[in-house]
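Here is what each chain is made of, one letter per residue.
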Amino acid sequence: MYPSYEDPLDELETALEKVLASDYTHDLSRLRKILDRGEVVWLRAVGAAARAGELNTSPRRGPAAELADRARMTPTAAARDLSAARRLDDFPVLAGAFVAGDVRRDHVQVLTQAATTPERVAMLQRYEDELVQVAKTHSARNLSTSVGRLCDAADGDDGSGAANALHDKRGVYLSPAFRGMGVLNGQLDPEQTEHVITAFEHRMTQDPDLPGERKRTRPQRRADALADICRWYS
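Residues numbered from 1 in each chain as written. Predicted model: local features only at pLDDT ≥ 70, side-chain atom pairs only at ≥ 80, totals over all residues. Heavy atoms only, no water.

Peer 1: Can you break down the overall build of the chain residue by residue, with the values?
Peer 2: Of regular secondary structure, the chain possesses twelve helices and two strands. When the helices and strands of the chain are placed in sequence order, the string is α-α-α-α-α-α-α-α-α-α-β-β-α-α. The C-alpha atoms of the chain give 22 Å as radius of gyration, which overshoots the globular expectation for 234 residues (17 Å, by more than 25%). Put simply, the chain has 234 residues, and 23% of those count as buried. Counting contacts in the chain only where the partners sit at least 6 residues apart, residues at least 24 apart contribute 47% of the total. By element, 55% of the accessible surface of the chain is carried by carbon and sulfur atoms, the whole surface being about 17,200 Å². One finds the centroid of the 32 positive side-chain charges in the chain at a distance of 4 Å from the centroid of its 36 negative side-chain charges. (Helix = DSSP H or I, 4+ residues; strand = E, 2+ residues; numbered from the N terminus. Rg over C-alpha atoms; globule rule 2.2 N^0.38 Å. Buried < 20%, exposed > 50% of the residue type's maximum accessible area, 1.4 Å probe, protein only. Contact = heavy atoms within 4.5 Å. Areas by Shrake-Rupley, 256 points an atom, 1.4 Å probe, with all protein chains shown as cover. Lys, Arg positive; Asp, Glu negative; His and termini not counted. Charge placed at Lys NZ, Arg CZ, Asp CG, Glu CD.)

Peer 1: Describe helix H4 (residues 75-87), with residues and values.
Peer 2: Taking 1.5 Å of rise per residue, 13 residues should cover 18 Å, and H4 covers 18 Å from first to last C-alpha, within 8% of that figure. Residues of H4 that are buried: Ala-77, Ala-78, Asp-81, Leu-82, Ala-84 and Ala-85. The arc enclosing the buried residues of H4, seen along the axis, measures out at 165 degrees, which places them on a common side. Of the residues in H4, the exposed ones pointing more than 90 degrees away from the buried face are Pro-75 and Thr-76. Against helix H2 (28-51), helix H3 (63-71) and helix H6 (105-114) lie the buried residues of H4. (Expected span 1.5 Å × (residues − 1). Arc of directions from axis to C-beta.)

Peer 1: I'd like to hear about a nonpolar patch on the surface, residue by residue, with values.
Peer 2: A contiguous nonpolar patch, built from Val-172, Leu-174, Leu-184, Leu-188, Val-196 and Leu-226 and spanning about 500 Å² of accessible area, is present on the exposed surface. Structurally, the position occupied by Leu-188 is in the loop between strand S2 (182-187) and helix H11 (190-206). (Patch = residues over 30% accessible without salt bridge, like charges linked within 9 Å, V, L, I, M, F, W, Y side chains within 5 Å. Salt bridge = Lys/Arg side-chain N within 4 Å of Asp/Glu carboxyl O.)

Peer 1: Before we move on, could you go through unusual backbone geometry and cite the residues and values that matter?
Peer 2: The general pattern is negative phi for most residues beyond glycine and trans for most peptide bonds. Unusually for a residue other than glycine, Arg-72 sits at a positive phi of about 55 degrees. Structurally, Arg-72 is set in the loop between H3 and H4. In this structure, Arg-179 takes a positive phi of about 55 degrees despite not being glycine. Looking at the element boundaries, Arg-179 is found in the loop between strand S1 (171-176) and S2.

Peer 1: Tell me about the nonpolar core, residues and numbers included.
Peer 2: By size, the foremost hydrophobic cluster in this structure holds 33 residues, and its most contacted members are Leu-94, Leu-124 and Val-147. Sorting the residues of this core by element identifies H2, H3, H4, helix H5 (92-100), H6, helix H7 (118-126), helix H8 (128-137) and helix H9 (140-155) as the ones contributing at least two each. Sorting elements by how many residues they give to this core places H2 first, with five residues. The residues contacting Val-147, other than those within four sequence positions of it, are Val-110, Leu-111, Ala-114, Leu-124 and Leu-131. (Core = buried A, V, L, I, M, F, W, Y, C linked by side-chain atoms within 4.5 Å.)

On their own, these measurements won't tell you what the molecule is for.
Right under this line is the structure:
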């Protein structure tokens, strides 16, 4: 006789189906914590799969591409999650706080994304206890400020190297699509991001949905704002 094996994901799927079918007004704080626990399970599973070589099924495709296909994710999101899962092994205090629910996924992302070189990893490990305490009591933005200052000091250039690296990554891509639609993609450096957000918000304030018109989603309003701004130069 072989022991029976019950996949705990079966129970999780059943529980989620009950939640979805319920008209109950959920406790938002509790629901958020439960979803955060799901992020813990996800990153642990991704890390385990990477360590076991399960994401190295093709010599022509990297682990991130395999993860993207298997989990139906974008390549960017898959690469981000894979990097975070691997980096958590370097920060056991952070990993423990994450598993315990004391810090959230966005805190983990801040710290793991900053660990870009062996020197930075070693520096962040020296201050891991203090940084985790910041994460436990402050937002990810506050943690990012603390991590940024440490990295700038470690890099020895007052942050100019990191700023230049971010600036070099900027780029916007616009490709024609079906029936004249356009696909816009890219990334901006921090200063450009602030300018664009400010311009969007200013234009969207001037262009509210009128009574009787079809209500637009926020992405649709941003698209309209971008087009209105560009008309000044066309």
